[in-house]
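# Residue-level structural notes
Given next are the chains, with one letter for each unit.
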2 protein chains.
Amino acid sequence: MRKVTIKDVARLAGVSASTVSRVLAGGAAISEDTCSRVRDAAEKLGYIPNTAARSLRCEKSRSIGVVLPDISGEFYSLCASSILKYARMVGYTVLFIESGRELEAERDGIRILLQHGVDGMIFIGGGSDGALILEASRSVPVMTGDRRVDNIPSVTFNNRETVRRLSNALYSAGHRSFLYLGESFNGFENLSERYAGFTDALSMKNDIRVTTMLEDSLHGDKLSVSFRLFCERIKDMLPDAVITSNDLIAQGIISASYKCGIRIPEQIAVTGFDDMTSSAYYTPSVTTVRQDADELSRLCFNGLIALIENKPTVSQILKQKIIIRDSAEIKEGEV
Amino acid sequence: MRKVTIKDVARLAGVSASTVSRVLAGGAAISEDTCSRVRDAAEKLGYIPNTAARSLRCEKSRSIGVVLPDISGEFYSLCASSILKYARMVGYTVLFIESGRELEAERDGIRILLQHGVDGMIFIGGGSDGALILEASRSVPVMTGDRRVDNIPSVTFNNRETVRRLSNALYSAGHRSFLYLGESFNGFENLSERYAGFTDALSMKNDIRVTTMLEDSLHGDKLSVSFRLFCERIKDMLPDAVITSNDLIAQGIISASYKCGIRIPEQIAVTGFDDMTSSAYYTPSVTTVRQDADELSRLCFNGLIALIENKPTVSQILKQKIIIRDSAEIKEGEV
DNA sequence: TATATTAATGCAATCGTTTGCATTAATATA
DNA sequence: TATATTAATGCAAACGATTGCATTAATATA
């Protein structure tokens with residue numbers, strides 16, 4: 001059962017390989033009769049063109065590489081799914097690389113992508129070395145999503161503005177003792193932007209108390225860590241509003257409060273980030289910020305394809321949406 | 001800035017392309033001197049071998065295809081991540097196909113994988129046509145994970161036994177009015193197995209009441225649907241134990257009960273399936289069943305590689321683990 | 001010293017497509 | 001009818017790597 005090649009099809013159809021190629025590609029001047037003979041032959045033999053040969057000859061692979069910190073994170077997995085969807089629509093394949101937020105893994109990953117001759121790359125999420133991305137962009141078109149690198153077209157969210165609005169809304173709702181609890185930035189620009197929005201809103205106010213905790217350990221298993229953090233330390237400082245950089249952290253806090261007998265939102269308002277599926281059904285449901293992963297992915301993908309086809313692509317900023325639920329009762333309109 | 005090829009390296013090192021190839025592949029008899037000259041040249045030019053050319057010549061791509069229903073599902077995304085990890089360890093790349101539980105998408109996906117000349121395929125999760133898998137296995141080695149197809153080596157879980165034990169434990173804990181709420185099977189063997197375990201345990205008992213609801217609509221947005229289902233219908237029939245086929249369904253029920261003023265676990269015990277991250281921190285935390293996605297992935301991947309290398313691979317069954325939490329207070333030991 | 005063996009390297013074919021150019025046959029134009 | 005034009009197809013050369021075989025030089029054996 002040998003692999004059937006274009007020559008086999010050609011032989012059966014009684015034409016040359018070139019003709020088969022042209023028929024299957026379409027758009028060339030081929031007689032009606034030949035066309036159908038070739039198609040029949042290809043059909044009958046179950047001919048499947050060999051991508052490796054095609055890539056080699058055309059010096060285009062119709063594939064792209066996507067680098068993300070961790071494909072099992074809810075947000076990233078949604079991006080992965082969306083990119084697969086959009087890629088399939090135009091006949092592209094996708095190679096995923098997990099950087100694991102580690103420089104070495106990312107460097108290897110990029111090298112693998114280049115070996116495979118991807119036509120372009122998308123870098124989603126931060127944490128990695130911008131220099132690496134910049135370097136990759138000298139071999140191949142590059143877009144970034146949810147992070148920025150100089151001179152690379154990107155699709156990002158308005159993190160800073162959103163958290164500013166959120167913080168102001170909490171202030172308007174009467175909260176005066178704030179805690180910001182989030183992952184340490186580690187080069188994640190979106191995280192530092194969120195925090196910047198927090199200070200934007202509150203640093204000029206003088207009738208409030210503000211505490212900040214940025215924890216490395218929150219990068220991993222956020223739920224259990226935030227749970228522990230809260231139990232160990234936060235109940236002493238008793239904030240009346242906690243802004244977190246992640247729904248899992250928020251959920252951890254809610255869960256911990258429940259164990260401690262602290263009522264949410266009556267005693268403490270808690271907000272998250274990401275609008276994870278479970279957040280809508282948590283008890284209490286989590287007030288959070290929604291980022292449209294599908295839209296991010298669509299714009300990144302289409303932008304990259306444009307670049308690949310030598311069309312221009314501009315950076316875009318997507319608006320996040322504050323989802324008001326039970327864990328923090330705010331009125332957005334007031335801000 | 002043209003792409004640098006093996007010939008460029010050869011020229012710079014003053015040897016033939018064959019020699020460069022052999023040096024870089026290793027294991028051939030090459031003089032120490034030549035070796036280092038070649039390596040230096042490759043390094044200096046930033047030579048990256050072209051995978052397409054290599055695949056074409058070797059008729060092996062060192063890549064595999066993975067077909068799963070939906071890469072953004074928590075369990076599947078964990079599998080994806082694990083497979084990427086194990087593949088990278090041995091220099092394989094992975095192409096993911098989302099079947100979306102649709103026959104046509106799956107057929108297309110398999111065709112794309114064959115075009116790309118993957119050396120093998122892993123099918124994870126059910127829903128699709130076994131015939132398609134069987135057919136694929138005639139072109140290329142195939143493993144299945146969390147689903148079975150005749151004559152294809154597989155890695156599965158002991159769903160039936162687990163749910164039998166779970167049901168018995170609930171019975172032992174005094175529950176007498178059972179509801180089984182799950183997705184309709186739709187060819188998902190793991191789902192029908194779970195239900196089979198349920199009937200195994202309870203069909204012979206005569207002092208109990210049993211209701212079954214298998215809903216198509218639960219395949220999509222489980223949380224909101226199970227929430228609605230519960231609100232509309234289940235509170236009338238008032239079971240004292242609900243076994244679900246999914247943590248999201250369980251969470252939906254818990255959330256709905258809370259709104260209705262029904263206390264869990266006091267009035268109704270609820271169990272889930274999958275041990276999603278959020279389940280440990282739900283209120284109340286969800287008693288559920290854990291399936292080791294990483295172990296499944298590891299065995300599937302290693303099994304597939306063995307097949308690719310013409311070594312034998314046997315099917316395996318992994319044990320699930322019942323995680324006892326607050327939403328259903330049972331003692332496992334009693335069963 | 002002549003011969004056999006081994007080590008190090010090069011030559012050239014091959015993998016399956018695509019595509020510029022040449023060729024042929026058919027048709028239109030003068 | 002001779003010539004120009006067009007349509008349909010084939011030829012053959014790439015694309016970049018690998019590898020069986022041939023070649024050469026160096027060393028070992030008799």
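This text goes with the structure placed above it.
Residues numbered from 1 in each chain as written. Chains lettered and ligands numbered in written order. Predicted model: local features only at pLDDT ≥ 70, side-chain atom pairs only at ≥ 80, totals over all residues. Heavy atoms only, no water.

Moving on, we come to unusual backbone geometry. The omega torsion across Ile264(A) and Pro265(A) is 15°, close enough to zero to call that bond cis. Checked against the element boundaries, Pro265(A) lands in the loop between α11 (247-260) and β9 (269-271). One non-glycine residue with positive phi stands out, namely Glu59(A), at about 55°. Relative to the helices and strands, Glu59(A) resides in the loop between α4 (51-58) and β1 (63-68). When its relative accessible area of 65% is taken as the criterion, Glu59(A) is described as exposed. In this structure, Arg62(B) takes a positive phi of about 50° despite not being glycine. Its place among the elements puts Arg62(B) in the loop between α4 (51-58) and β1 (63-68). (Helix = DSSP H or I, 4+ residues; strand = E, 2+ residues; numbered from the N terminus. Buried < 20%, exposed > 50% of the residue type's maximum accessible area, 1.4 Å probe, protein only.)

Once that is clear, we can look at the protein's contact with DNA strand D. If you check the shell around DNA strand D, you find 26 residues, and the closest are Thr19(A), Thr34(A), Ile6(B), Tyr47(B) and Arg57(B). Within 4 Å of the protein, atoms of DNA strand D come from sugar and phosphate in 63% of cases. With respect to DNA strand D, the side chain of Ser21(B) contributes an N or O atom lying 2.7 Å from a phosphate oxygen. If one sorts the elements of the surface near DNA strand D by residue count, α4(B) sits on top with four residues. The class makeup of the residues in the surface near DNA strand D is nine nonpolar, 10 polar and seven charged. (Near = heavy atom within 4 Å. Polar contact = N/O pair within 3.5 Å; in protein donor to acceptor, adjacent residues only side chain to side chain. Nonpolar A, V, L, I, M, F, W, Y, C, P; charged D, E, K, R; others polar.)

Another aspect to go through is the protein's contact with DNA strand C. Near DNA strand C lie 27 residues; those nearest to it are Ile6(A), Arg54(A), Arg57(A), Thr19(B) and Thr34(B). Contact distances for DNA strand C include 2.4 Å between a phosphate oxygen and a side-chain N or O atom of Thr34(B). Taken together, the elements giving at least two residues each to the surface near DNA strand C come down to α2 (17-25) and α4 of chain A together with α2 (17-25) and α4 of chain B. It is α4(A) that contributes the most residues to the surface near DNA strand C, four residues altogether.

Looking now at the pairing of β1(B). Residue and element names in this part refer to chain B. Counting buried positions over the six residues of β1 gives six, a clear majority of the element. Pairing analysis gives six bridges linking β1 to strand β2 (residues 93-98), with the strands arranged parallel. Counted as the bridge partner of Val67 is Ile97 from β2. Here four bridges tie β1 to strand β3 (residues 120-124), and the two strands are oriented parallel to one another. Along β3, the bridge assignment pairs Ile64 with Gly120. (Pairing = 2+ DSSP bridges.)

A separate point is the relation of the copies chain A and chain B. The two copies are related by a screw operation: chain A maps onto chain B through 180° of rotation and 0.0 Å of translation along the axis, at an RMSD of 0.1 Å. Taken together, these values place the two copies in the relation of a two-fold axis. When each C-alpha of chain A is compared by its distance to the rotation axis, Ala52(A) comes out closest, at 2.3 Å. Both copies present the same face, since 98% of the interface residues in chain A are matched by interface residues at the equivalent positions in chain B. (Least-squares fit on C-alpha atoms with pLDDT ≥ 70 in both. Contact = heavy atoms within 4.5 Å.)

For the rest of this paragraph, the subject is the sheet that holds β9(A). Working definition: the strands of a sheet are paired by backbone hydrogen bonds and lie parallel or antiparallel to each other. All names here are of chain A. On the basis of which strands lie adjacent, the open sheet formed by four strands has the order β7-β6-β8-β9 and parallel pairing. The open sheet terminates on both sides in strands that have one partner only, identified here as β7 (209-215) and β9. Averaged over all pairs of adjacent strands, the angle between strand axes in this sheet comes to 15°, irrespective of strand direction. Relative to β9, strand β8 (residues 241-244) runs parallel, the two being bridged by three bridges. Within β9, the residue paired with Ala241 across the bridge is Ala269. Where helix α9 (residues 189-202) meets the sheet, its contacts fall on β6 (177-183), β7 and β8, and the angle it forms with β6 comes to roughly 170°. (Axes fitted to C-alpha atoms, helices over the stretch in contact; angles between N-to-C directions.)

We now examine the side chain of Ser81(A). The topology assignment puts Ser81(A) in helix α5 (residues 74-89). When near neighbours in sequence (up to four residues on either side) are disregarded, Ser81(A) contacts Asp70(B), Ile71(B), Ser72(B) and Glu98(B).

Let's shift gears to the packing of aromatic side chains. All names here are of chain A. Applying the stated criterion across every chain, the model contains 18 aromatic pairs over all chains. On the basis of an interplanar angle of 70° and a centroid distance of 5.0 Å, the ring pair of Tyr180 and Tyr195 is categorised as edge-to-face. Here Tyr180, found in strand β6, pairs with Tyr195, found in helix α9; they are 15 residues apart in sequence, far enough to count as distant. Judged by centre distance (5.1 Å) and plane angle (50°), the ring pair of Tyr180 and Phe198 falls under tilted. Placement of Tyr180 in strand β6 and of Phe198 in helix α9 is noted, with a sequence separation of 18 residues between them. The residues Tyr180 and Phe198 share a single accessibility class, namely buried. Through a chain of ring-to-ring contacts, the aromatic side chains of Phe178, Tyr180, Phe185, Tyr195 and Phe198 assemble into a single cluster. Here the basic side chain of Arg176 rests over the ring of Tyr171, its NZ or CZ set 3.8 Å away from the ring centre. (Phe/Tyr/Trp six-rings, centres within 6.5 Å; stacked < 30°, edge-to-face > 60°. Lys NZ or Arg CZ within 6 Å of the ring centre and 35° of its normal.)

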